[in-house]
Amino acid sequence: MLQEGPFEYGRDGPKVIVAGVDGSETSLRAASYAWGLARRNGARLLLVHVVPLTSMSTLTPGGAAVLREASEEIVAELRAELERAAAVQPDEVRYELLVEQGDAYGVLSRVADEHRADAVIVGASQQAGHRLIGSVAVRLVRAGRWPVTVVP
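Presented here is an overview of the structure given in this document. Just so we're clear, the structure is a prediction, and the values are computed from it rather than from any experiment.

As for the nonpolar core
Counting 20 residues, the largest nonpolar core has Ile17, Leu45, Leu47, Leu97 and Ile121 as its most contacted members. Of all the secondary structure elements, the ones that give two or more residues to this core are strand 1 (16–20), helix 1 (25–41), strand 2 (44–51), helix 3 (61–88) and strand 4 (119–123). Per-element tally for this core: the top contributor is helix 1, with 6 residues. Ranked by size, the runner-up nonpolar core spans 17 residues in total, among them Val16, Val120, Val122 and Leu140.

Okay, here's the thing in structure tokens:
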């Protein structure tokens, strides 16, 4: 039997949100959406940038260095953007930027499980091949362990 209690407007939202960011336009929109959701719900926001490990291992040393530099640039831009957003509304959003190597689906799943995420937010894939083999977003939805929002 459910206990009757006072209605709590805006109290039923997520408390831990995981958002995947890879620097693409859709992932930046997903991060912005996640930021607003975290702000409105007083949630903790974990922004996760995943550096693909397989890509780095198959490249020549020079190619791996270029990929590493590109990833570092993305992370630096993300950090700068987060600092700007936090400066506008200090103490509004508790956030953390995690940078890890590996498979995007595997890392996002692990982080969401470890931090007991109430929501996972990712940008829609813009790669044509994902229609055939499935995107990270589709794999997260199929896992069925957390509500997943895919931002176009």
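Concerning the sheet that holds strand 2
Spatially, 5 strands are ordered 3-2-1-4-5 in an open sheet, and the strand pairing comes out parallel. The open sheet terminates on both sides in strands that have one partner only, identified here as strand 3 (94–101) and strand 5 (148–151). Neighbour to neighbour, the strand axes of the sheet diverge by 20° on average, direction disregarded. Against the sheet, helix 1 contacts strand 1, strand 2, strand 3, strand 4 and strand 5, and its axis sits at roughly 150° relative to strand 4.

Rules used in this analysis
Residues numbered from 1 in each chain as written. Predicted model: local features only at pLDDT ≥ 70, side-chain atom pairs only at ≥ 80, totals over all residues. Heavy atoms only, no water. Core = buried A, V, L, I, M, F, W, Y, C linked by side-chain atoms within 4.5 Å. Buried < 20%, exposed > 50% of the residue type's maximum accessible area, 1.4 Å probe, protein only. Helix = DSSP H or I, 4+ residues; strand = E, 2+ residues; numbered from the N terminus. Pairing = 2+ DSSP bridges. Axes fitted to C-alpha atoms, helices over the stretch in contact; angles between N-to-C directions. Contact = heavy atoms within 4.5 Å.

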